[in-house]
Amino acid sequence: MSDGKTSVLIADDQELVRSGYRAILSTYPDFEIAGVAANGREAVELAQQLRPDVVLMDIRMPELNGIEATRDITGNPLLSGTRVLVLTTFDVDEYVYDALRAGASGFLLKDADPDEIADAIRIVGRGDALIQPSVMKRLVEDFAADARQARRPRGEHAEAIAQLTDREAEILRLVARGMTNEQIADGLFISPATVKTHVARIMGKLDAHDRAQLVVFAYESGFVAP
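Basis of the calculations
Residues numbered from 1 in each chain as written. Predicted model: local features only at pLDDT ≥ 70, side-chain atom pairs only at ≥ 80, totals over all residues. Heavy atoms only, no water. Helix = DSSP H or I, 4+ residues; strand = E, 2+ residues; numbered from the N terminus. Buried < 20%, exposed > 50% of the residue type's maximum accessible area, 1.4 Å probe, protein only. Contact = heavy atoms within 4.5 Å. Areas by Shrake-Rupley, 256 points an atom, 1.4 Å probe, with all protein chains shown as cover. Patch = residues over 30% accessible without salt bridge, like charges linked within 9 Å, V, L, I, M, F, W, Y side chains within 5 Å. Salt bridge = Lys/Arg side-chain N within 4 Å of Asp/Glu carboxyl O. Lys, Arg positive; Asp, Glu negative; His and termini not counted. Charge placed at Lys NZ, Arg CZ, Asp CG, Glu CD. Expected span 1.5 Å × (residues − 1). Arc of directions from axis to C-beta. Phe/Tyr/Trp six-rings, centres within 6.5 Å; stacked < 30°, edge-to-face > 60°. Pairing = 2+ DSSP bridges. Right-handed = clockwise from strand over helix to strand, strands pointing away.

1. Remarks on the overall build of the protein chain
Here is step 1 of the chain: Scanning the protein chain from N- to C-terminus turns up eleven helices and five strands.
Here is step 2 of the chain: Among the 226 residues that make up the protein chain, the fraction classed as buried is 50%.
Here is step 3 of the chain: In the protein chain, once contacts between residues fewer than 6 apart in sequence are set aside, the share between residues at least 24 apart is 68%.
Here is step 4 of the chain: Split by element, the accessible area of the protein chain, about 10800 Å² in all, is 48% carbon and sulfur.

This is the structure in structure tokens:
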């Protein structure tokens, strides 16, 4: 962030959509538009040049789709401070789960209200996950169960989970339910700062980029049942 503002890169292959988001976000004093990209490859290149706080990423784009672009951005150590917020047309997009696995911090419907868009950017910009409740249940039911059969072996999942303390395991279950640090703190009668410390340790042990990946891991591994 510069001067307290969240810098945003907009990536969408439709000019009307790019212009619309730019116009909307320009009305919020705490945002600055770092740039716009018309395809995934351009999004990756501009992210490397501009190092924005948040990238609004469309999934279906030419040259390089949003999933691959997300993976390139979140996998780049130089862009560790950049978060990706995926934009989707439908409430359950078949590619959303893959986008989260690629490192996206969450997703947002393209028809969301301006204030919802702004709030989503703020949430992701501060390092939290944004998985809308209206789509979480379907997302988990439709994709997580299948993914458990196709992804890495359960033994590796079990080995990673075995590293967690009882408290960390408890907090991971609450994170997987979409609870914030404040909500978890209230429920466990500890401070939000303590929860934040535990979450950071869990991410390190599970090699997770952010909270969204913790949610994916929890369901995909079978640690939390869909």
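Having seen the model, we can carry on.
2. Observations regarding a negative patch on the surface
Here is step 1 of the chain: On the surface, Asp 111, Asp 113, Asp 115 and Glu 116 cluster together into a negatively charged patch.
Here is step 2 of the chain: With respect to the helices and strands, Asp 113 occurs in the loop between strand E5 (106-109) and helix H5 (114-125).
Here is step 3 of the chain: For Asp 113, a relative accessible area of 46% puts it in the partly exposed group.

3. Remarks on helix H10 (residues 192-206)
Here is step 1 of the chain: A rise of 1.5 Å per residue sets the reference length of H10, with its 15 residues, at 21 Å; its end C-alpha atoms lie 21 Å apart and thus fit the reference within 8%.
Here is step 2 of the chain: All buried positions along H10 are accounted for by Val 195, His 198, Val 199, Ile 202, Met 203 and Leu 206. The buried residues of H10 all sit within an arc of 140° when viewed along its axis, so they share a single face. Facing away from the buried surface of H10 by more than 90 degrees, the exposed residues are Ala 193, Lys 196 and Gly 204.
Here is step 3 of the chain: With its phi angle positive at about 55°, Asp 207 sits one or two positions after the end of H10.

4. So, the pattern of salt bridges
Here is step 1 of the chain: Considering all chains together, one arrives at eight salt bridges under this definition.
Here is step 2 of the chain: With its nearest N and O atoms 3.2 Å apart, the salt bridge here joins Lys 110 to Asp 58. Of the two residues, Lys 110 sits in the loop between E5 and H5 while Asp 58 sits in strand E3 (residues 54-58), which places them 52 residues apart along the sequence.
Here is step 3 of the chain: When the shortest N-O distance is used, the salt bridge between Arg 122 and Asp 119 registers 2.9 Å. Of this pair, Arg 122 and Asp 119 are both found in helix H5, three residues apart, which corresponds to roughly one turn of the helix.
Here is step 4 of the chain: Classification of Arg 122 by relative accessible area gives partly exposed; the value is 28%.

5. A word on the packing of aromatic side chains
Here is step 1 of the chain: Applying the stated criterion across every chain, the model contains one aromatic pair.
Here is step 2 of the chain: Ring centres 5.8 Å apart and planes at 50° place the aromatic pair Tyr 28 and Phe 31 in the tilted group.
Here is step 3 of the chain: With relative accessibility at 5%, the residue Phe 31 sits in the buried group.

6. Comments concerning the environment of Leu 174
Here is step 1 of the chain: Along the chain, Leu 174 turns up in helix H8 (residues 166-176).
Here is step 2 of the chain: A sequence separation of 13 residues divides Leu 174 from Gly 187, and the C-alpha atoms of the two residues are 9.5 Å apart.
Here is step 3 of the chain: Excluding its chain neighbours within four sequence positions, the residues that come into contact with Leu 174 are Met 179, Ile 184 and Leu 188.

7. A closer look at the pairing of strand E4 (residues 83-88)
Here is step 1 of the chain: Of all six residues in E4, six are buried, a share of seventy percent or more.
Here is step 2 of the chain: Neither face of E4 is left uncovered, since the one carrying Arg 83, Leu 85 and Leu 87 and the one carrying Val 84, Val 86 and Thr 88 both have all their residues buried.
Here is step 3 of the chain: Here five bridges tie E3 to E4, and the two strands are oriented parallel to one another. Looking at the pairing, Val 54 lines up with Arg 83 of E4.
Here is step 4 of the chain: For the segment spanning E3, helix H3 (residues 66-74) and E4, crossover handedness is right-handed.

8. Describing the side chain of Asn 76
Here is step 1 of the chain: With respect to the helices and strands, Asn 76 occurs in the loop between H3 and E4.
Here is step 2 of the chain: Relative accessible area serves as the criterion here: at 16%, Asn 76 is assigned to the buried category.

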